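As a plain string of letters, each chain reads:
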Amino acid sequence: MHRTCPLCDAVCGLRLTLDGGGRVTSVKGDPLDPFSKGYICPKGASLGRVDDDPDRLQAPMVRRGDEWHEVGWAEAFQAVERGLHGVIEAHGRDALAVYLGNPTFHTMGGILYRGALAQALGTRNVFSASTIDQMPKHVACGHMFGDPLAISVPDLDRTDHLLMLGANPAESNGSLCAAPDFPGRLKALRARGGRLVVVDPRRTRTAALADEHLFVRPGTDALLLFGIVHTLLAEELTSVNLEVAGLADLRRLAADFAPDAVAPVCGVPAGRIAGLARELAAARTAAVYSRIGASTVEFGTAAQWLVDVINVLTGNFDRPGGVMFTRTATMDLGRSGEPWVQGRWHSRVRGLPESLGELPVATLADEIETPGEGQVRALVVVAGNPVLSAPSGDRLERALGELDFMVCVDPYLNETTRHADVILPPPRILQMPHYDFLLLSVTVRNYTRFSPAIHPLEPGRPSEGEIMAKLTLIASGQGADADPGALDEMILGEVIRGATQAPGSPLAGRDPEEVRAGLDGDSGAERMLDLFLRLGSYGLSLAELRANPHGIDLGPLTPRLAELLRTVSGKVELAPPRLAEEAGRLRERLAAPVPEMLLIGRRQLRSLNSWLHNVPGLSGGTNRCTLHAHPDDIARLGLGDRALVTSAAGELEVPVEPNADIMPGVVSLPHGWGHAGTRQSVAAGQPGVNANVLTDAAVVDVPSGNAVFNGVPVTVTPVPAGPVRAPVATGAAR
Ligand SMILES: Nc1nc2c(c(=O)[nH]1)N[C@H]1C(S)=C(S)[C@@H](COP(=O)(O)OP(=O)(O)OC[C@H]3O[C@@H](n4cnc5c(=O)[nH]c(N)nc54)[C@H](O)[C@@H]3O)O[C@H]1N2
Ligand SMILES: Nc1nc2c(c(=O)[nH]1)N[C@H]1C(S)=C(S)[C@@H](COP(=O)(O)OP(=O)(O)OC[C@H]3O[C@@H](n4cnc5c(=O)[nH]c(N)nc54)[C@H](O)[C@@H]3O)O[C@H]1N2
Ligand code: SF4
Ligand SMILES: [Mo]
């Protein structure tokens, strides 16, 4: 049996062996996959155990008081209908909110129905993992290219020089850049004579693979990048090969950010900043790539903007060896022909701007807690655990307790879902067909692969797509008994009508009914995939993907900016006004005092956000929730085994682990821990603490409203021996 690993962004092909009873006995990398070529990590190797975890919920759960009851699907959907419509009738649709968590980007049901569900709820309170992750990238691309989905990836296999900031693919396996065996690709880059430079406040496993590692003070990458831009312009090292607008404005903005000016704040010596610029300009081809450490920070959007400014200035944007756009097998999903507009509405309480139809998660608790017209009273959560993943998570948890109604689509009873009234569990992983609509749009080679379900659904059990469709129909007032297939037909009908009428579409002029009748697939979701493939640039179909179970290589990336560019000027905007404003805030930062101690996060190879701690083979060893601190800081602060970490938002008592690879003045705590009150028996044995007690929802990256998880000012003090103190939130009253 073969299938794509659905866990992280690397889309590895797997080869599964099953016993007679259908249980997975071994998981290996699929050597015949043309993209992953047999690569696998410990998480993928545990897929069998993740799939048949005995703690996964098998039936819907309804909470009455503090007691959970298993109920049938019909009864569960009726309870959802009563709950949602009770709130709509009493308070209107703006009293509804939805949070779409990270796995909704990975599952077919999540991707295909998240838009329809949000629309059917009819509320502006749409939240997703995007605003605790990559929204700064969307906002930067939206303003520069007119399309927030025009996200480029480093041309990893051909570049001569890679500058990487705030990413640790040796443990995360990459992100917004799908590259199975990312570490192997970095080794290959060096083996062919290329150069890798890693900028990170920790000397990470990725840094160990690099030619050079530079410590940067958390939260200041935008300053470092401005220093590089300044040098490129001042020393006339640019070789722009695209039509650009705003070069003069950029030059004016960059004037204040000479390497000498930014070096004291960002902690990288001025000579090295200028050196980075000169090396990027001199390299035959080069790419700058950055992720979480330069996104979930106070100047995340500015950093993402300047990353692409450098790629453009050095002539490396949209060319082989630089950064490029993937051409997917499916049609480009979610792209509009119009220049992007942001801030079409704002959040009620804090006035934070909408981006891509969403409001920032950092203000979800405000919207629940603050009385008045539009106060959120019912919440739908799909594949998310925001109690552990959102900033000020403990405060959000208390807010969830105040809701009139909450429904979750999730396989676990966990820190978030325990506050729900109804939990709807999706099927097991191996019961789901899999296609990576999102991740296949950021692969470093054009590639596609479909995985059919390995096990059938039990009779009467809905697929994740059917659960999503049911919720959508209930939200839109069609009732708990409505046929989910009706929604599929609506979506298919709409896309087919558009495609048959659009000149130049592969289906232009065809009869819609005949097109519909010709679609292949065992479910609505699979028929949508078939349709989107037929509308894609390669003219593929589901049947062809099924006939190629190891995946299909569609060739190296080729230039395609011209097709994607949507700015009003028709040019790449180097200094769009909304981003240029950030230069003012960055100038203020240059003059601000540097906090004594800054908190950052880290990812662990055998963890996945908040939800893989229940797998015995992945827990323990180095995968522990400890505070990494430099030995000099430990000595200076007199820390023992445990420390009290205090921020503006809360305080936590944590075990201290000395680590000489972290920058002095910086401590690191992984997120996704703090397991409590759940039905996850393995995770409960090693609960850890919730790092997001310390992160502060009051502080956001201004242009995107994105949460700030890295560069949080904290104080760290020794804890005298004695019983462990419970987490305290000090910021809750603000
Ligand atoms: N401090 C700090 N906080 C962070 C981060 C950080 O670096 N530091 N990183 C942030 C980032 S990048 C992200 S993406 C977010 C992620 O935060 P969330 O969006 O909350 O996602 P997860 O923590 O992965 O939780 C996923 C949930 O989905 C459930 N689930 C798993 N598989 C499925 C499925 O197939 N279907 C359904 N319906 N549910 C499923 C799991 O049980 C779990 O409850 O966390 C963010 N939070
Ligand atoms: N094993 C594993 N893999 C994962 C996940 C997981 O939880 N576990 N999560 C998945 C998800 S949802 C995502 S979004 C991706 C994230 O993928 P990555 O972005 O590669 O993940 P991180 O390990 O969080 O890397 C962020 C790095 O930024 C550094 N950093 C912190 N602050 C700063 C700063 O201010 N500047 C700079 N330059 N660096 C800084 C941290 O030390 C860390 O090494 O990983 C995905 N893959
Ligand atoms: S790297 Fe990611 S996709 Fe590949 S096996 Fe590991 S978890 Fe799965
Ligand atoms: Mo993420």
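Residues numbered from 1 in each chain as written. Chains lettered and ligands numbered in written order. Predicted model: local features only at pLDDT ≥ 70, side-chain atom pairs only at ≥ 80, totals over all residues. Heavy atoms only, no water.

As recorded in an unreviewed UniProt entry, the protein chain goes by Dehydrogenase and comes from Sphaerisporangium rufum.

1. Quick look at the packing of aromatic side chains
For the record, the criterion: Side-chain rings of Phe, Tyr and Trp, where Trp is taken by its six-membered ring, are said to pair if the distance between their centres is within 6.5 Å; with planes under 30 degrees apart they count as stacked, over 60 as edge-to-face, and otherwise as tilted. Three exposure classes are used, based on accessible area relative to the maximum for each residue type with a 1.4 Å probe and protein chains only: buried under 20%, partly exposed in between, and exposed over 50%.
Under the counting rule described, the total for this entry stands at nine aromatic pairs. Ring geometry for Phe317 versus Phe325: centroids 5.7 Å apart, planes at 70 degrees, classification edge-to-face. The class for Phe325 is buried, based on a relative accessible area of 2%. Among the aromatic side chains, those forming a connected cluster through ring pairs are Phe145, Phe317 and Phe325.

2. Section: the pattern of salt bridges
Keep this limit in mind: Note on definitions: salt bridges are taken to be side-chain nitrogens of Lys or Arg within 4 Å of carboxyl oxygens of Asp or Glu. What counts as a helix is a DSSP run of H or I of at least four residues, what counts as a strand is a run of E of at least two, and both are numbered from the N terminus.
Applying the stated criterion across every chain, the model contains 48 salt bridges. Residues Glu369 and Arg395 are paired through a salt bridge, measuring 2.7 Å at the closest nitrogen-oxygen approach. Of this pair, Glu369 sits in helix α13 (residues 364-369) while Arg395 sits in helix α15 (residues 393-400), and the two are 26 residues apart along the sequence. Glu369 sits in the partly exposed class, given a relative accessible area of 27%.

3. Overview of the site of ligand 1
Stated formally: A cutoff of 4 Å decides nearness: a residue is near a molecule or strand if any of its heavy atoms lies inside that distance of it. Definition of a polar contact: a pair of N or O atoms within 3.5 Å, with one able to donate and the other able to accept a hydrogen when the atoms are protein atoms, and with sequence-neighbouring residues admitted only if both atoms are side-chain atoms. Each accessible area value is a Shrake-Rupley result obtained with a 1.4 Å probe; residue values ignore everything except the protein chains displayed when judging cover. All residues other than Ala, Val, Leu, Ile, Met, Phe, Trp, Tyr, Cys, Pro, Asp, Glu, Lys and Arg, Gly among them, are scored as polar; the first ten of these are nonpolar and the last four charged. Domain start and stop points were drawn from an automatic or database domain assignment.
Residues in contact with ligand 1 amount to 29 residues; listed here are only the nearest, Tyr99, Ser389, Asp410, Glu464 and Ser610. Within the backbone of Ala383, an N or O atom sits 3.4 Å from an oxygen atom of ligand 1. Considering ligand 1 on its own, with 920 Å² of exposed area, one finds that the protein chains cover 96% of that surface. Considered class by class, the residues forming the shell around ligand 1 number 14 nonpolar, 11 polar and four charged. Shared between two domains, the shell around ligand 1 holds at least three residues of each, these being domain 1 (61-123 + 336-555) and domain 3 (595-733).

4. Re the site of ligand 2
In the region of ligand 2, 31 residues are neighbours, and Ser172, Asp200, Gly219, Asp221 and Ser607 sit closest. With respect to ligand 2, the backbone of Asn168 contributes an N or O atom lying 2.9 Å from an oxygen atom. In the model, a nitrogen atom of ligand 2 is placed 2.8 Å from a nitrogen or oxygen of the Arg603 side chain. Summarising the interface, the protein chains cover 98% of the accessible area of ligand 2, which totals 920 Å² for the free molecule. For the shell around ligand 2, the per-class residue count stands at 11 nonpolar, 12 polar and eight charged. Residue contributions to the shell around ligand 2 reach at least three from each of two domains, namely domain 2 (135-325 + 562-582) and domain 3 (595-733).

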